[in-house]
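Working through the structure, step by step
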Amino acid sequence: MLNVDLHCHSHVSDGTLAPSELAARAHANGVDVWALTDHDEVGGIAEARLAADKLGLRFIAGVEISITWAGQTVHIVGLNIDEANAVLQQGLASVRSGRTQRGHEIAAQLHKAGIPDAFEGALKYAENPEMIGRTHFARYIIERGVHDKVPDVFKNFLVEGKPGFVPHRWATLEQAVSWIHAAGGRAVIAHPGRYPLAQLAFDALLDTFRELGGEGIEVVTGSHTPDQYDRYAKVALQEGLLASRGSDFHGPKESRVDLGSLPPLPAGLTPVWHDWAV
Ligand code: AMP
Ligand code: MN
Ligand code: MN
Ligand code: MN
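First, a word on scope: everything that follows refers to the structure included in this document. (Residues numbered from 1 in each chain as written. Chains lettered and ligands numbered in written order. Predicted model: local features only at pLDDT ≥ 70, side-chain atom pairs only at ≥ 80, totals over all residues. Heavy atoms only, no water.)

Topic: the coordination of the manganese ion (ligand 4)
- Around the manganese ion (ligand 4), the protein contributes the donor atoms H7 (NE2), H9 (NE2), E64 (OE) and D248 (OD), at 2.0 to 2.2 Å from the metal centre.
- Between the manganese ion (ligand 4) and the manganese ion (ligand 2), a spacing of 4.7 Å is present. Here E64 lies in strand 3 (residues 58–69) and H9 lies in the loop between strand 1 (4–5) and helix 1 (19–28), a separation of 55 residues in the sequence.
- Classification of E64 as buried rests on a relative accessible area of 0%. (Donors = N, O, S within 2.8 Å, 3.2 Å for Na, K, Ca; no water. Helix = DSSP H or I, 4+ residues; strand = E, 2+ residues; numbered from the N terminus. Buried < 20%, exposed > 50% of the residue type's maximum accessible area, 1.4 Å probe, protein only.)

Some details on the layout of surface pockets
- Quantified by volume, the largest pocket comes out at close to 1,600 Å³.
- In terms of lining, the largest pocket is formed by 49 residues, of which the most central are R134, T135, V150, F154 and R194.
- Broken down by secondary-structure element, the contributors of at least two residues to the lining of the largest pocket are strand 3, strand 4 (72–79), helix 4 (99–112), helix 6 (134–143) and helix 7 (150–156).
- Ranked by residues supplied to the lining of the largest pocket, first place goes to helix 6 with six residues.
- Class assignment for the residues of the lining of the largest pocket results in 15 nonpolar, 19 polar and 15 charged. (1 Å grid on protein atoms, 1.4 Å probe; cavity = no way out; pocket = protein on both sides within 12 Å on 5 of 7 lines; lining within 4 Å. Points joined across faces, edges and corners; volume = space filled by probe spheres on them. Nonpolar A, V, L, I, M, F, W, Y, C, P; charged D, E, K, R; others polar.)

Here's the deal with the packing of helix 3 (residues 86–96) against helix 8 (residues 173–182)
- Put simply, helix 3 and helix 8 touch, their axes get as near as 8 Å, and they point 145° apart. Seen along the crossing, helix 3 lies across helix 8 with a hand that is left-handed. Residues V87, L88, G91, L92, S94 and V95 of helix 3 pack against W179, I180 and A182 of helix 8. (Axes fitted to C-alpha atoms, helices over the stretch in contact; angles between N-to-C directions. Left-handed = near helix turned anticlockwise from the far one by under 90°. Contact = heavy atoms within 4.5 Å.)

Considering the side chain of T221
- Relative to the assigned elements, T221 resides in strand 6 (residues 216–221).
- Taking relative accessible area as the criterion, T221 reaches 1% and is therefore assigned buried.
- Polar side-chain contacts of T221 include one of 2.7 Å to the backbone nitrogen of S223.
- Those residues in contact with T221 that sit more than four places away from it in its chain are H191, Y229, G246 and L262. (Polar contact = N/O pair within 3.5 Å; in protein donor to acceptor, adjacent residues only side chain to side chain.)

Thoughts on the coordination of the manganese ion (ligand 3)
- The coordination sphere of the manganese ion (ligand 3), as far as protein atoms go, consists of E64 (OE), H75 (ND1) and H191 (NE2), spread over 2.1 to 2.2 Å.
- The metal-metal distance between the manganese ion (ligand 3) and the manganese ion (ligand 2) is 5.6 Å. Linking E64 in strand 3 with H75 in strand 4, this pair joins segments that are 11 residues apart in sequence. A single burial state applies to E64 and to H75, both of which are buried.

Structural notes on the site of ligand 1
- In the region of ligand 1, the neighbouring residues are D14, H39, H75, R99, R102, G133, R134, T135, V150, P151, F154 and H250.
- Across the complex, the protein chains shield 79% of the 500 Å² of accessible surface that ligand 1 would expose by itself.
- Comparing atom positions with the cavity grids shows ligand 1 to sit within the largest pocket.
- No other element matches helix 7, which puts three residues into the shell around ligand 1. (Near = heavy atom within 4 Å. Areas by Shrake-Rupley, 256 points an atom, 1.4 Å probe, with all protein chains shown as cover. Sits in = over half its atoms within 2 Å of the grid points.)

Considerations on the environment of A52
- For A52, the position within the fold is in helix 2 (residues 45–55).
- Exposure remark for A52: the relative accessible area of 0% places this residue in the buried category.
- Taking the C-alpha atoms as reference, A52 lies 8.3 Å from W34; in sequence the two are 18 residues apart.
- Ignoring any residue separated from it by four or fewer positions in sequence, one finds A52 in contact with A23, W34, L57 and F59.

Let's talk about the pairing of strand 5 (residues 186–189)
- Burial along strand 5 is two-sided: R186 and V188 facing one way and A187 and I189 facing the other are all buried.
- Two elements, strand 5 and strand 6, share two bridges in a ladder whose sense is parallel. Looking at the pairing, V188 lines up with G216 of strand 6.
- At this point the chain moves from strand 5, through helix 9 (residues 199–211), to the parallel strand 6, and the crossover so formed is right-handed. (Pairing = 2+ DSSP bridges. Right-handed = clockwise from strand over helix to strand, strands pointing away.)

In structure tokens, the structure reads:
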């Protein structure tokens, strides 16, 4: 069976490794088909593809787009995209454009909570300053000795009701799906088990996603428990969605799940890669 990992991040967004380092790690871990899916940015794709080609690793260009749905942040992965597509590139640029201002607002809140200089501190961890985000702030909070691990930071900071949370309006679902389709890709709902959406809002997300021609849903991801693999396998079958698998790897010290190390998709699903020449 093919080892397919269609979700991870490089230092072009909020991962810690370069795209070429991720390619080497995926290859070493036995991945056969690999996608780079940086948040709101395709700047790492060329390096990733080159490195994968040299290793004989099949590469899929991807992106993970931040959207707002029912007041919550939801992520839509685009797979097998043409990263040079102008509609996609302009759309992603518009999503990125609010991050610097948001970063300053996050820093102001952290300052009040006793963590000074957080904008500059987070920026040090952002290889791509345009992409400054909560993971970079989490790394700075760790550097300050407030917590040891990223998930612990997210229990006390940067989330709703805690210091450093700044509500933000990302793209719409319609925009994300249309940009992905403009670039010839497939749209996939990322880690559906992670959203604090009411059932009604989640059902509406699925309905609208289907109406817009969205194709897939992540079933086996580093963000899901084994129970959730089964639960979202059922959702994929019921909704007629293709199923995806991806570690959501961010870095060796930060991610519980390594590239290529998840279980296979449950039987009976149609993989999102079923008709790709892989
Ligand atoms: P942003 O796009 O700036 O809102 O940052 C979102 C990123 O923060 C996600 O892609 C994750 O990498 C990270 N993140 C969010 N929640 C958590 C969490 N509970 N534990 C670890 N990382 C998280
Ligand atoms: Mn991330
Ligand atoms: Mn995500
Ligand atoms: Mn991700």
